[in-house]
Amino acid sequence: DEERESAIVDAFIKVQAYFPQAEPQIVKRSAPPPPSPKAEQLSPFEQQLRKAPLQNHFEKEILARILVEMAGVDGDIEAEEREMLEDVITPDLGTIPGLMQKDPVSPMECREISAGSKETIYMAAWMMALANMDISPAEENLLQEYADMFALSSQVATRIVRDARFSALENAIDDPSISRSALFELADQLNMNHEDAELCLIQIKKNM
């Protein structure tokens, strides 16, 4: 479980450069960075983060509040979830206890988020829910509420959920030589159809 959560945290960290910074930074000239991974080598979650990075502090705060709400929807935030949130939520957004005390994200706030960022935040919420490979009814209900508040079409929401499951399954596969029966067992935990699971494994092998 820790490895899966770490992989999700890593996906956020990889795209931090695409998020607006709280303070302007002076960047000294240095050697050119290594080439970025090709799109097909990134998980669907990483591709979404790169395609539609959050635009401003307001959107980053909305993401942080939703992730905290998702983590605590079943009661107290578990130690593993807290550690993951601490790695993802930057200091300029506040503390986890502070974010927990804020009002729930409102429909008006959701309307003021850019279209691409709505999809990014919604996928991030799904990734938080899928981190432990087990989505509770309370989490599903909250995710549906946000799909409605973001005014996501059924087609868009379905694509985002499918992509989130793909990414979660990639994180869960430790060995590309995994047996088909073991692969399908993981897929069942994610409520993912077996054809999508097999396609996910094929993509992993093609990108090796």
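Residues numbered from 1 in each chain as written. Predicted model: local features only at pLDDT ≥ 70, side-chain atom pairs only at ≥ 80, totals over all residues. Heavy atoms only, no water.

**A word on the overall build of the protein chain**
What counts is decided by this rule: What counts as a helix is a DSSP run of H or I of at least four residues, what counts as a strand is a run of E of at least two, and both are numbered from the N terminus. Think of it in three bands: with a 1.4 Å probe and only protein chains considered, a residue is buried below 20% of the maximum accessible area for its type, exposed above 50%, and partly exposed in between. Residue contacts are counted whenever heavy atoms from the two residues lie within 4.5 Å of one another. Values of accessible area rely on a 1.4 Å probe in the Shrake-Rupley scheme; residue burial ignores everything except the protein chains shown.
Assigned secondary structure in the protein chain consists of 11 helices and 0 strands. By the burial criterion, 45% of the 208 residues in the protein chain qualify as buried. The long-range share in the protein chain, meaning contacts at least 24 apart out of those at least 6 apart in sequence, stands at 77%. Carbon and sulfur atoms make up 50% of the accessible area of the protein chain, which amounts to about 11,600 Å² in all.

**So, the side chain of serine 117**
To keep it simple, the criterion reads: Pairing of N or O atoms within 3.5 Å defines a polar contact, subject to two protein rules: one partner must be a possible hydrogen donor and the other a possible acceptor, and residues neighboring in sequence count only if both atoms are side-chain atoms.
Following the sequence through the fold, serine 117 ends up in helix H7 (residues 115-130). Reaching out from serine 117, the side chain makes a polar contact with the side chain of serine 114 at a distance of 2.9 Å. When residues no more than four places from it in sequence are discounted, the contact partners of serine 117 are Ala52, Pro53, Leu54, Gln55 and Glu59.

**Some words on the nonpolar core**
Most often, soluble globular proteins keep nonpolar side chains buried together rather than apart. Applied cut-off: Side-chain atoms within 4.5 Å are what join buried Ala, Val, Leu, Ile, Met, Phe, Trp, Tyr and Cys residues into a set we call a nonpolar core.
If you look at the biggest cluster of nonpolar residues, it comprises 61 residues, and the most contacted ones within it are Ile66, Leu85, Tyr122, Tyr146, Phe150 and Leu169. Top element by residues in this core is H7. It accounts for 10 residues. Ignoring sequence-local partners within four residues, the contact set of tyrosine 146 consists of Ile66, Glu69, Val105, Cys110 and Tyr122.

**Overview of helix H3 (residues 57-72)**
The line we're drawing: The span you would expect from a helix comes to 1.5 Å times its residue count less one.
Between its first and last C-alpha atoms H3 spans 23 Å; for 16 residues at 1.5 Å apiece the expected length is 22 Å, and the two agree. H3 sits mainly inside the fold: 12 of its 16 residues count as buried. If you check which residues of H3 are buried, you get Glu59, Lys60, Glu61, Ile62, Leu63, Ala64, Arg65, Ile66, Leu67, Val68, Met70 and Ala71.

**Brief notes about the packing of H3 against H7**
This is how the line gets drawn: Only C-alpha atoms enter the line fits that serve as axes; for helices the fit covers just the stretch in contact. Angles between N-to-C directions range over 0 to 180 degrees. Note that the term roughly parallel is reserved for angles under 35 degrees, roughly antiparallel for angles over 145, roughly perpendicular for angles of 65 to 115, and oblique for everything else. Left-handed describes a crossing whose near helix is turned anticlockwise from the far helix by less than a right angle; the clockwise case is right-handed.
Running from N to C, H3 and H7 point in directions that differ by 25 degrees, and their axes come no closer than 9 Å. Our classification of the angle between H3 and H7 gives roughly parallel. Two packed elements cross with a definite hand, and for H3 against H7 that hand is right-handed. Seen from H3, the contacting residues are Glu59, Ile62, Leu63, Ile66, Leu67, Met70 and Ala71; seen from H7, they are Ser117, Ile121, Ala124, Ala125, Met128 and Ala129.

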